[in-house]
Amino acid sequence: MPSSMMYYEDTYVVLPPDMQEKFVTQPELEQLLHDLLVDIQDALPRDLENIKTIPEQVQRLIKTACDLDCGDRGVWQWYVVRLDK
């Protein structure tokens with residue numbers, strides 16, 4: 001049976017358009033996505049258009065996606081990583 005540790009998501013690697021990877025915690029990822037979403041509210045991806053608040057949009061992205069096209073700001077990607085064996 002797999003360890004429950006495999007499902008613990010607390011660290012992410014973020015790949016901004018300049019491709020300089022950053023390791024972030026979940027709260028840091030949430031803040032990053034929040035800031036990006038503030039800038040693109042007029043051009044949201046289709047699956048976020050019906051979600052009213054930015055915090056709800058952030059949670060939807062974290063749970064269901066691994067990238068966000070921010071138009072002129074490029075495509076941002078994030079992946080959960082496990083740093084412990």
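These numbers were taken from a predicted model, which means no experiment stands behind them.

Q: Outline the overall build of the protein, supporting the account with residue identities and numerical values.
A: Looking only at helices and strands, the protein has two helices and four strands in total. For the protein, the succession of helices and strands along the chain, N to C, is β-β-α-α-β-β. Taken across its 85 residues, the protein has 29% of its residues classed as buried. Considering only intrachain contacts with a sequence separation of at least 6, the fraction spanning at least 24 residues in the protein is 48%. When the accessible surface of the protein is summed, it comes to about 6,100 Å², and 51% of that surface belongs to carbon and sulfur atoms.

Q: An account of unusual backbone geometry is needed here, citing residue identities and associated values.
A: With the exception of glycine, the majority of residues adopt a negative phi angle, and the majority of peptide bonds are in the trans configuration. Backbone geometry at Met 19 places phi at a positive 65°, although glycine is not the residue there. Take Met 19: it is sitting in the loop between strand 1 (11-15) and strand 2 (22-25).

Q: Outline the nonpolar core, supporting the account with residue identities and numerical values.
A: Nonpolar side chains tend toward joint burial in soluble globular proteins. Ranked by internal contacts, the top residues of the largest apolar core, which has 19 residues, are Leu 29, Leu 33, Leu 37, Leu 61, Leu 68 and Trp 78. Listed by contribution, the elements that provide at least two residues to this core are strand 1, helix 1 (26-39), helix 2 (54-64) and strand 4 (75-81). When sequence neighbours within four positions are dropped, the list of residues in contact with Leu 37 reads Leu 44, Leu 48, Ile 54, Gln 57, Val 58, Leu 61 and Leu 68.

What counts, and at which threshold
Residues numbered from 1 in each chain as written. Predicted model: local features only at pLDDT ≥ 70, side-chain atom pairs only at ≥ 80, totals over all residues. Heavy atoms only, no water. Helix = DSSP H or I, 4+ residues; strand = E, 2+ residues; numbered from the N terminus. Buried < 20%, exposed > 50% of the residue type's maximum accessible area, 1.4 Å probe, protein only. Contact = heavy atoms within 4.5 Å. Areas by Shrake-Rupley, 256 points an atom, 1.4 Å probe, with all protein chains shown as cover. Core = buried A, V, L, I, M, F, W, Y, C linked by side-chain atoms within 4.5 Å.

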